[in-house]
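The residues making up each chain are set out below.
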Amino acid sequence: KATIDAAVQMRALKPQELQRVIVDTTVQEKAIAPPVDSRLLEIARHKVVSAAKRVGISLKQTYAKEGKLLRRKACGYAHAKQFRRLKRTVKRQRTILGVVMREVQRKMAAPQFSATNALALNAMRTWLERAERIRTQRTHDKNKLYALHATEVECIGKGKARKPYEFGVKTAVVVTHRHGLMLGARTFPGNPYDGHILRQALEQASILTEEHKVKIEQVVADLGFRGVDDDNPGMSIIHRGKFKSLTPQQRGWLRRRQAIEPAIGHLKSDHRMHRCWLQGALGDALHAISCAAGYNLRWLLRAVAKLKIGPVFLCLLGMVLAGARQRQANVITEWPTALRPA
């Protein structure tokens, strides 16, 4: 919000330009390794064994040596496209994981079992639950677990020939139509249809620009956002599915729709949206909006160089950031005492 206010105050962007935006979706990938079955099974076995040791359970056999060997064999069979041998190896890994889990569960249910560390016991139950999901899931199951440390990861296919599937969360990006300033970046867990998330994406952009007393009136998008005009009253949604009914001016606006594609590319290559290292769904949301803020800061620096207003810009940005800090302090003072940060 501070970067948008700075762009308007330094006159690099007119408030009227906030009325027309471009919207598109992309995938913000999570920092996970490729979710191969053999790798997930071996990690699940290792996690269960390690958690059992922390709560004081001694296992009869941990299968550490055999698990490592099976993982290496599965990698070789997959590379050589020997799928029958690969299937046999993965089946053995499932069996080993089941043996370890059942032994841990038997010893946890025993009357003489007592865990001194409640935190370790809760972690043990969490790893058992996730390991069971890994052990029982199959290739075409829905709601699969793709990483033991990040249960929120989803498999999203965007139709790209180079990368058919991406593992992360769907993210909607909103930029101004003329200059490409980021007005919003919001994540949507669950991989919803693009058109169903348009209202929430524009809601975020409207909140960030509400001080300038302008409303978003025209939305330029691709065919993924068609059929949702009734869900967004008061806005003109322009896409090529309406091409015959568009005015010449609207057709000119539509020709600039693909300007958002390089913006998304710069978000990923220059501002670290290509890989999210923060934990959980909240971490995904924070990472997306932080990448958009970084993009806007670089946009402002380019505008400063173009308009040659360095000292003026620094004064304006300092005033805007000071105002943002004051608003944040006012909000924090309204919190309960127990929730206030140090």
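Note that the coordinates shown come from a computational prediction; the quantities given were computed from them, not determined experimentally. (Residues numbered from 1 in each chain as written. Predicted model: local features only at pLDDT ≥ 70, side-chain atom pairs only at ≥ 80, totals over all residues. Heavy atoms only, no water.)

> Looking at this structure, I do not really get the overall build of the protein chain. What am I missing?
Broken down by element type, the protein chain carries ten helices and six strands. Overall size of the protein chain, expressed as C-alpha extent along the three principal axes, is 70 × 55 × 40 Å. Taken over 342 residues, the protein chain has a buried fraction of 43%. A separation of at least 24 residues holds for 66% of the contacts in the protein chain among residues at least 6 apart in sequence. (Helix = DSSP H or I, 4+ residues; strand = E, 2+ residues; numbered from the N terminus. Buried < 20%, exposed > 50% of the residue type's maximum accessible area, 1.4 Å probe, protein only. Contact = heavy atoms within 4.5 Å.)

> Explain helix α6 (residues 198-208) to me, please; I cannot follow it from the model alone.
Since the α-helix packs 3.6 residues into each turn, any two residues three or four apart lie on the same face. Of the residues making up α6, those classed as buried are Leu-198, Ala-201, Leu-202, Gln-204, Ala-205 and Leu-208. The arc that holds every buried residue of α6, seen down its axis, measures 150°, which confines them to one face. (Arc of directions from axis to C-beta.)

> Quick question: what am I supposed to make of the packing of aromatic side chains here?
In this description, an aromatic ring pair is defined by two values, namely the gap between the centres and the angle between the planes. Applying the stated criterion across every chain yields a total of one aromatic pair. Ring geometry for Tyr-146 and Phe-167: centres 5.3 Å apart, planes at 55°, overall tilted. Taken together, the residues span a long stretch of sequence, with Tyr-146 in the loop between α5 (118-136) and β2 (154-156) and Phe-167 in strand β3 (residues 166-176) at a distance of 21 residues. On the basis of relative accessibility, which here comes to 16%, the residue Tyr-146 falls in the buried class. Lying over the aromatic face of Trp-127, Arg-130 brings its terminal NZ or CZ to 5.6 Å of the ring centre. Positioned over the ring face of Phe-243 is Arg-251, at 4.4 Å from the centre of the ring. (Phe/Tyr/Trp six-rings, centres within 6.5 Å; stacked < 30°, edge-to-face > 60°. Lys NZ or Arg CZ within 6 Å of the ring centre and 35° of its normal.)

> Quick question: what am I supposed to make of the packing of helix α3 (residues 64-79) against helix α4 (residues 83-109) here?
Between two packed helices, the angle of one axis relative to the other and the distance separating the axes together describe the packing. Two elements in contact, α3 and α4, have axes separated by 9 Å at closest approach and are oriented at 155°. In terms of their interaxial angle, α3 and α4 are classed as roughly antiparallel. Crossing geometry of α3 relative to α4 is assigned as left-handed. Contact residues: α3 offers Glu-66, Gly-67, Leu-70, Arg-71, Ala-74, Tyr-77 and Ala-78, while α4 offers Arg-85, Leu-86, Thr-89, Arg-92, Gln-93 and Ile-96. Class assignment of the residues belonging to the contact of α3 with α4 gives a composition of six nonpolar, three polar and four charged. (Axes fitted to C-alpha atoms, helices over the stretch in contact; angles between N-to-C directions. Parallel < 35°, antiparallel > 145°, perpendicular 65-115°, else oblique. Left-handed = near helix turned anticlockwise from the far one by under 90°. Nonpolar A, V, L, I, M, F, W, Y, C, P; charged D, E, K, R; others polar.)

> In this structure, what is going on with the confidence of the model for the protein chain? I would like to understand it.
Low-pLDDT stretches of the model should not have their predicted coordinates read in fine detail. Residues of the protein chain with pLDDT of at least 70 account for 91%, and the chain-wide mean is 89. In this model, residues 338-342 is a region of pLDDT below 50 whose contacts with residues beyond four sequence positions or in other chains number five contacts. (pLDDT = per-residue confidence, 0-100.)

> Before we go on, may I ask you to explain the pairing of strand β4 (residues 182-188) in this structure?
Consecutive residues of a regular strand have side chains that alternate between opposite faces of the sheet. Counting buried positions along β4 gives six out of seven residues, so the element sits mostly inside the fold. Across six bridges, the pairing between β3 and β4 is antiparallel. Bridge pairing in β4 places Thr-171 opposite Thr-187. A loop of five residues connects β3 with β4, the two strands running antiparallel in sequence, and Gly-180 in this loop sits at a positive phi of about 75°. (Pairing = 2+ DSSP bridges.)

> In this structure, what is going on with helix α8 (residues 260-270)? I would like to understand it.
Along α8, the residues that are buried comprise Ile-260, Ala-263, Ile-264, Leu-267 and Lys-268. Looking straight down α8, one finds its buried side chains confined to an arc of 135°; they lie on one side. Contacts made by the buried residues of α8 are with β1 (20-29), β3, β4 and α9 (280-307). Where α8 terminates, the next one or two residues include Arg-272, which has phi positive at roughly 70°.

> Quick question: what am I supposed to make of the nonpolar core here?
Proteins that are soluble and globular tend to have nonpolar side chains buried together. Core analysis: the biggest nonpolar cluster contains 33 residues, and Val-21, Val-23, Leu-198 and Trp-299 have the highest contact counts within it. Contributions of two or more residues to this core are made by α1 (2-9), β1, β3, β4, α6 and α9. Ala-52, Tyr-63, Leu-86 and Leu-128 belong to the second-largest nonpolar core, a separate cluster that totals 31 residues. (Core = buried A, V, L, I, M, F, W, Y, C linked by side-chain atoms within 4.5 Å.)

> Sorry, what's going on with the side chain of Asn-232 here?
Tracing the backbone shows Asn-232 in the loop between β5 (218-220) and β6 (236-238). Residue contacts for Asn-232: discarding those within four places in its chain leaves Leu-198, Arg-199, Leu-202 and Ile-237.

> Got a minute to help me understand a positive patch on the surface in this structure?
A cluster of basic residues, Arg-72, Lys-73, Arg-85 and Arg-88, forms a positive patch on the protein surface. Put simply, the parts of the chain that give the positive patch at least two residues each are α3 and α4. Within the fold, Arg-88 resides in helix α4. Accessibility expressed as a relative area gives 56% for Arg-88, which makes it exposed. (Patch = residues over 30% accessible without salt bridge, like charges linked within 9 Å, V, L, I, M, F, W, Y side chains within 5 Å. Areas by Shrake-Rupley, 256 points an atom, 1.4 Å probe, with all protein chains shown as cover. Salt bridge = Lys/Arg side-chain N within 4 Å of Asp/Glu carboxyl O. Lys, Arg positive; Asp, Glu negative; His and termini not counted. Charge placed at Lys NZ, Arg CZ, Asp CG, Glu CD.)

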